[in-house]
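# A structural walkthrough
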Amino acid sequence: MKPDNNAIDQILAARRDDVLRDWLAEVSASASATARHVTTAREDAQSLLKALHEGVRADGDPSRLQDPAWERVRGLLEGLSSSRAAKGLTAADTSHFVLALKRPLFAGLQNAMGTRPGELVSAVWSLSTLVDQMAQLTIANYQRNREEIISRQQQELLELSTPVVKLWDSVLAVPMIGTLDSSRTQLVMESLLQRIVETGAEIAIIDITGVPTVDTLVAQHLLKTVTAIRLMGADCIISGVRPQIAQTIVHLGIDLQGITTKSSLADALALAMKHVGYTVSRGNA
Amino acid sequence: MQRIPILQMGTSLLVTIQVDLQDQTAMALQEDLAAKIDATGASGVLIDISALEIVDSFIGRMLAHISGIARVLDATTVVVGMQPAVAITLVELGLSLEGVRTALDVERGMRLLHSGAAGERRFGRAR
């Protein structure tokens, strides 16, 4: 066994409970309020220490965390960072949990080898490298987990934000909220066309009141959707064109010829109902 | 070679495409249809593509050509029952089939042909 590993092994064998206690004290001393609520901190620390001890026993290279000897340590760290990312802990809290292990272990080394400064420096260095790598791995994993959470939420938002509603017999509407990009247009197009097939609707109203800006690209996406709807044999009305957007469209020279546009959803519905043959009249109250 | 049957219903011709269209078949259909319109003096052509699941640019252009040929022979073409995936594909291919009239199903397509207003698009969008 490498001499540095040997020293760490002795500390973990003789004083693991002390190390654990000091570690947890260190963690809770500087942790944020949410981090204190992590009830599994003790078990996490215990199993991590155990895995670390096994790794040291297997004589893993402290400068290479990819070593097969550290496999269990890596597994535990990954689990730890995912559970913490899911609980909404900050990256700082998560990495601090791992880095706080340094102090009790350094203290142990100091106690054991205080009289041999040469060996002490070497052991401290390899231990420090090891813990740093552990923290790095935790952070990298934490980041990946957060990104996964974000992309999943994005997907959910995308699906939530494009409902196709039936306004009247043979009249469908899609209230568009937010910026129109290719993926959203695709999604809207697909769900709208599918609903047209299912319901046999003759008119689809796309309401763009919630679309903040219309540029050439957005207009192109709208045109595509309208063309696809026409190809299916239904008609399309674009409603909710605000004055500023009308100005932008004209200034950009976007050709919306052949597309029916209305300023409000109410106007569009009135036109649609007239087209499918309904007349609306106020009852004598 | 496979040929798509063309049925006559009054003054209209009905073409139902129920197989995957080969380029050869499509070419033959184009010729047959032109001959049939000429022979019967039909005023309307209804093409049902509800069973068509795959289109390429060739078939897309062929639909536009058929409509063009029919128009020259003084008949109106209505394409009915296009699947969403087909519509999206055609749009992505940049084929908007301008001048081809469309309807959701055969019934509505027939109504469109018979209404006589088939030459004019709804909402006063003349074509």
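### What about the interface of chain B and chain A?
In this complex, chain B contributes 16 residues to the contact, which on the side of chain A involves 19 residues. For the side of chain B that touches chain A, the secondary-structure elements that each account for two or more residues are helix H3 (84-92) and strand E5 (101-103) of chain B. In terms of residues, the side of chain B that touches chain A owes the most to one element, H3 of chain B, which gives 5 residues. Per-class residue counts for the side of chain B that touches chain A are 11 nonpolar, 2 polar and 3 charged.

### Some remarks on the packing of helix H1 (residues 23-40) of chain B against helix H2 (residues 57-72) of chain B
All names here are of chain B. It is the contact of H1 with H2, at a shortest axis distance of 10 Å, that shows an interaxial angle of 10°. On the basis of their axis angle, the class for H1 and H2 is roughly parallel. Across the interface between the two elements, Asp23, Ala26, Gln30, Leu33, Ala34 and Ile37 of H1 pack against Phe58, Ile59, Met62, His65, Ile66, Ile69 and Ala70 of H2. Here the residues of the contact of H1 with H2 sort into 10 nonpolar, 2 polar and 1 charged.

### Digging into unusual backbone geometry
Residue and element names in this part refer to chain A. In this model, Asp59 sits at a positive phi of 60°, which is unusual for a non-glycine residue. Here Asp59 lies in the loop between helix H3 (41-57) and helix H4 (71-87). On the basis of neighbour count, Asp59 is assigned to the partly exposed category, with 14 C-beta atoms found within 10 Å. A positive phi is found at Ser170, a non-glycine position, where the angle reads about 70°. Inspection of the secondary structure puts Ser170 in the loop between strand E1 (165-168) and strand E2 (171-177).

### Brief notes about helix H8 (residues 182-199) of chain A
With 18 residues, H8 of chain A should reach 26 Å at 1.5 Å per residue; the first-to-last C-alpha distance of 25 Å fits that figure. Taken as a whole, H8 of chain A has its buried residues at Val188, Met189, Leu192, Leu193 and Ile196 of chain A. All buried residues of H8 of chain A lie within an arc of 120° about the axis, which places them on one face of the element. Of the exposed residues in H8 of chain A, the ones pointing more than 90 degrees away from its buried face are Ser183 and Glu198 of chain A. Where the residues of H8 of chain A are buried, they touch E2, strand E3 (203-210) and helix H9 (216-232) of chain A together with H3 of chain B.

### So, H3 of chain B
Burial analysis of H3 of chain B places 7 of its 9 residues in the buried class, which makes it a mostly covered element. All of the buried residues in H3 of chain B are Pro84, Val86, Ala87, Ile88, Thr89, Leu90 and Val91 of chain B. Lining the buried residues of H3 of chain B we find H8 and H9 of chain A together with H2 of chain B. Gly94 of chain B sits one or two positions beyond H3 of chain B and adopts a positive phi of about 80°.

### Observations concerning the confidence of the model for chain A
Confidence in the prediction of chain A, expressed as mean pLDDT, is 85, and 96% of residues score 70 or more. Mean pLDDT values for the elements of chain A range from 62 in helix H2 (residues 33-36) of chain A up to 92 in strand E4 (residues 235-239) of chain A.

### What about the confidence of the model for chain B?
Residue and element names in this part refer to chain B. Looking at chain B, the pLDDT average stands at 85 and 91% of residues meet or exceed 70. Long-range and interchain partners of residues 118-122, a stretch whose pLDDT sits below 50, account for 11 contacts in this model, where long-range means more than four residues apart. Both scores are available for the predicted complex, with the pTM at 0.64 and the ipTM at 0.78.

### Focus on the pairing of strand E1 (residues 6-9) of chain B
Where E1 of chain B meets strand E2 (residues 12-16) of chain B, 4 bridges bridge the pair, whose relative direction is antiparallel. Across the sheet, the residue bridging to Met9 of chain B is Ser12 of chain B, located in E2 of chain B.

### A word on the pairing of E1 of chain A
Residues and elements named next belong to chain A. Pairing of E1 with E2, which is carried by 3 bridges, proceeds in the antiparallel orientation. Bridge pairing in E2 links Val165 to Ala173. Two successive antiparallel strands, E1 and E2, enclose a turn made up of 2 residues, where Ser170 displays a positive phi of approximately 70°.

### Details of the nonpolar core
Residues Ala204, Ile205 and Met232 of chain A together with Val45 and Ala87 of chain B are the most contacted members of the largest nonpolar core, which totals 71 residues. Considering every element that reaches this core, the biggest residue donor is H9 of chain A, with 7 residues. Ile205 of chain A has contacts with Leu167, Val171, Ala173, Ile237, Ser239, Leu265, Ala268, Leu269 and Ala272 of chain A, leaving out every residue within four places of it along the chain. Membership of the second largest hydrophobic core comes to 31 residues, among which are Val27, Phe97, Ala100 and Leu109 of chain A.

### Description of the sheet that holds E3 of chain A
All names here are of chain A. Read across the open sheet, the 5 strands follow the order E1-E2-E3-E4-E5; overall the sheet is mixed. Of all the strands in the sheet, the pair left with one neighbour each is E1 and strand E5 (260-261). As paired strands, E2 and E3 are joined by 6 bridges and run parallel to one another. Note on E3: the bridge partner recorded for Ala173 is Ile205. H9 contacts E3 and E4 of the sheet and is inclined by roughly 150° relative to E4. Seen against the sheet, helix H11 (residues 265-276) touches E1, E2, E3 and E4 and runs at an angle of roughly 175° to E3.

What counts and what doesn't
- Residues numbered from 1 in each chain as written.
- Chains lettered and ligands numbered in written order.
- Predicted model: local features only at pLDDT ≥ 70, side-chain atom pairs only at ≥ 80, totals over all residues.
- Contact = placed C-beta atoms within 7 Å.
- Helix = DSSP H or I, 4+ residues; strand = E, 2+ residues; numbered from the N terminus.
- Nonpolar A, V, L, I, M, F, W, Y, C, P; charged D, E, K, R; others polar.
- Axes fitted to C-alpha atoms, helices over the stretch in contact; angles between N-to-C directions.
- Parallel < 35°, antiparallel > 145°, perpendicular 65-115°, else oblique.
- Buried ≥ 20, exposed ≤ 12 C-beta atoms within 10 Å, placed from the backbone.
- Expected span 1.5 Å × (residues − 1).
- Arc of directions from axis to C-beta.
- pLDDT = per-residue confidence, 0-100.
- Pairing = 2+ DSSP bridges.
- Core = buried A, V, L, I, M, F, W, Y, C linked by C-beta atoms within 7 Å.

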